Amino acid sequence: MSDIAEITVEDMVIDFPVGGGLFRKQYLRAANGVSLTLRAGEALAIVGESGSGKSTCARAIARINMPTSGTIRVDGAEITDPGFRQSQRDYAAKVQMIFQDPFGSLNPVHTIRHHLARPIRIHAPKLSSTEVDERIIATLERVGLSPAAQTADKFPYELSGGQRQRVAIARALAVGARFILADEPISMLDVSIRLGILNLMDDMKRDGIGFMYITHDIATARYFAERTAVMYVGHMVEWGESDSVTQSPRHPYTQLLISAVPEAGIRKTRERKAKKAEIPMRTPESRGCPFAGRCLKVMDRCHADMPPITQLQEDHYVRCHLY
Ligand SMILES: Nc1ncnc2c1ncn2[C@@H]1O[C@H](COP(=O)(O)OP(=O)(O)OP(=O)(O)O)[C@@H](O)[C@H]1O
Ligand SMILES: [Mg+2]
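Residues numbered from 1 in each chain as written. Chains lettered and ligands numbered in written order. Predicted model: local features only at pLDDT ≥ 70, side-chain atom pairs only at ≥ 80, totals over all residues. Heavy atoms only, no water.

Caption draft 1: Expanded view of the overall build of the protein chain. Along its length, the protein chain carries twelve helices and twelve strands. Taking 20 Å as the expected radius of gyration for a compact globule of 323 residues, we find that the protein chain reaches 21 Å, a close match to that expectation. Once the C-alpha set of the protein chain is aligned to its principal axes, its extents read approximately 65 × 55 × 40 Å. Restricting the contact set of the protein chain to residue pairs at least 6 apart, pairs at least 24 apart contribute 65%. Of the charged side chains in the protein chain, 41 are positive and 37 negative, and the gap between their average positions amounts to 5 Å. (Helix = DSSP H or I, 4+ residues; strand = E, 2+ residues; numbered from the N terminus. Rg over C-alpha atoms; globule rule 2.2 N^0.38 Å. Contact = heavy atoms within 4.5 Å. Lys, Arg positive; Asp, Glu negative; His and termini not counted. Charge placed at Lys NZ, Arg CZ, Asp CG, Glu CD.)

Caption draft 2: Examining the pattern of salt bridges more closely. Tallied over the full model, the rule gives 18 salt bridges. A salt bridge links Arg113 to Asp133; the nearest nitrogen and oxygen atoms lie 2.9 Å apart. In this pair, Arg113 is assigned in helix H4 (residues 112-123) and Asp133 in helix H5 (residues 129-142), connecting sequence segments 20 residues apart. A residue is classified by how much of its surface remains accessible, and Asp133, at 28% relative accessible area, is partly exposed. Arg142 is the partner of Asp203 in a salt bridge, and the nearest nitrogen-oxygen pair spans 3.8 Å. Here Arg142 lies in helix H5 and Asp203 lies in helix H8 (residues 191-205), a separation of 61 residues in the sequence. (Salt bridge = Lys/Arg side-chain N within 4 Å of Asp/Glu carboxyl O. Buried < 20%, exposed > 50% of the residue type's maximum accessible area, 1.4 Å probe, protein only.)

Caption draft 3: The sheet that holds strand E5 (residues 77-78), seen in detail. Across the sheet, which stays open at both edges, the four strands sit in the order E2-E1-E4-E5 with antiparallel pairing between neighbours. Lying at the two open borders of the sheet, with one neighbouring strand each, are strand E2 (25-39) and E5. In terms of strand pairing, strand E1 (residues 6-20) meets strand E4 (residues 69-74) through five bridges, oriented antiparallel. Bridging from a neighbouring strand, Val9 pairs with Ile72 of E4. (Pairing = 2+ DSSP bridges.)

Caption draft 4: Main features of the side chain of Arg319. Mapped onto the elements of the fold, Arg319 is located in the segment after strand E12 (316-318). Although Arg319 lies buried, it forms no salt bridge, and the closest oppositely charged side chain, Asp11, sits 6.3 Å away as judged by the N-O distance. Residues contacting Arg319, with those up to four places away along its chain left out, are Gly33, Met236, Val237, Trp239, His251, Met306, Pro307, Pro308 and Ile309.

Caption draft 5: The nonpolar core, seen in detail. Counting 53 residues, the largest nonpolar core has Leu140, Ile169, Ile180 and Met201 as its most contacted members. Top element by residues in this core is helix H7 (residues 161-174). It accounts for seven residues. In terms of nonpolar packing, the next biggest core, distinct from the first, is built from 31 residues, Ala58, Ile61, Tyr91 and Trp239 among them. (Core = buried A, V, L, I, M, F, W, Y, C linked by side-chain atoms within 4.5 Å.)

Caption draft 6: The packing of aromatic side chains, seen in detail. Under the criterion given, the structure shown has seven aromatic pairs. Here Phe211 and Phe224 contribute two aromatic rings whose centre-to-centre distance is 5.4 Å and whose plane-to-plane angle is 75°, an arrangement assigned as edge-to-face. With Phe211 in strand E8 (residues 210-215) and Phe224 in helix H9 (residues 218-224), this pair connects stretches of sequence that are 13 residues apart. Given a relative accessible area of 2%, Phe224 falls into the buried group. Where Tyr232 meets Phe291, the ring centres are 5.1 Å apart and the plane angle is 85°; that geometry is what we call edge-to-face. (Phe/Tyr/Trp six-rings, centres within 6.5 Å; stacked < 30°, edge-to-face > 60°.)

Caption draft 7: Spatial organisation of the site of ligand 1. Around ligand 1 sit 14 residues, and of these Ser50, Lys54, Ser55, Thr56 and His216 come closest. Gly53 has a polar backbone atom sitting 3.0 Å from an oxygen atom of ligand 1. For ligand 1, an oxygen atom lies 2.8 Å from a polar atom in the side chain of Ser55. If ligand 1 stood free it would expose 640 Å²; the protein chains cover 64% of that surface. For the shell around ligand 1, the secondary structure elements donating two or more residues are E2 and helix H1 (54-61). Looking at the shell around ligand 1, the element that brings in the most residues is H1, giving four residues. Each residue belonging to the shell around ligand 1 can be placed in one class, and the counts come to three nonpolar, seven polar and four charged. (Near = heavy atom within 4 Å. Polar contact = N/O pair within 3.5 Å; in protein donor to acceptor, adjacent residues only side chain to side chain. Areas by Shrake-Rupley, 256 points an atom, 1.4 Å probe, with all protein chains shown as cover. Nonpolar A, V, L, I, M, F, W, Y, C, P; charged D, E, K, R; others polar.)

Caption draft 8: Molecular detail of the environment of Leu127. With respect to the secondary-structure elements, Leu127 resides in the loop between H4 and H5. Setting aside anything within four residues of it in sequence, one finds Leu127 in contact with Ile120, Val132 and Arg135.

Caption draft 9: Representation of the state of the cysteines in the model. In total, this model carries zero disulfides according to the counting rule given. In this structure Cys57 is not part of a disulfide, and its nearest cysteine sulfur, from Cys289, lies 17 Å away. When its relative accessible area of 1% is taken as the criterion, Cys57 is described as buried. Summary of cysteine pairing: Cys320 is not part of a disulfide, and the nearest cysteine sulfur, belonging to Cys295, is at 6.2 Å. (Disulfide = S-S within 2.5 Å.)

By themselves, these observations are geometric and do not establish any function.
Spelled out as structure tokens, the structure:
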């Protein structure tokens, strides 16, 4: 498989069985009609509250869980096709996830060198020990962990949170990642080192790496990602160019997220942006807009039909009956 230029998700639905009886199973619809494109050298931010289906969508792209329906294409080839299955290991190397808690994915009894050597040997079995080591050193340098030779001999607990997240990124790069699905990569880190990680990832875009950047924080989405998709309980409600989505948010839910962003030095009273209500659980039977129960601008039809997609600008779309 050559380098991937584009990963396209179309109309993806992901249901999870959550109980029910022998004859009538119950399902939770974690993703509904999700369509998005990841491009080499660019970042797409997925923003939304807890439970909105962000990780579920990333795991489907990483082939950790299977979509219930819909397609995932890699440069046009469907990844569920039998022909594609042969290049699964290659796909796994090129499309990698990194997680919120870098410590959780590192084994405390092994050095950083060991953590990088293992995946390199699996994905590039023909490399000699010297070549493996050279690659380890070069990758550690690339992610800003120099002097690399010293870092390689350290154990995970000897590194800071930010350094550990750099190791996780290095591990993805070492096996040739071209797309990184970063699931809240900075939310557990000290505020002071978050920017360093975002800047490193921004730098990697120039090497052609594409990102799916999952976050609760729409402010960092705008800083780091060219495009932003806002999700609410399994649905993409607004998406497009990050500047447009964050500067002129049109969906009441996006407006709510933006209003929650603290502005440096300013504390002003804000108008109420949403009703207090539980975040609903969606099932395959659910109808209407998932945000209807909290929306201050709700209309009758919001409870009945999922709004169609409205194109607001060249790259700005919303699903809301107001438009
Ligand atoms: N394996 C599973 N079985 C059953 N339900 C699941 C499973 N994985 C996720 N879910 C449910 O799917 C919904 C979406 O979960 P997901 O983890 O994708 O949300 P998220 O947007 O990543 O949230 P967070 O911001 O908390 O990480 C949630 O209601 C979750 O409980
Ligand atoms: Mg998640």
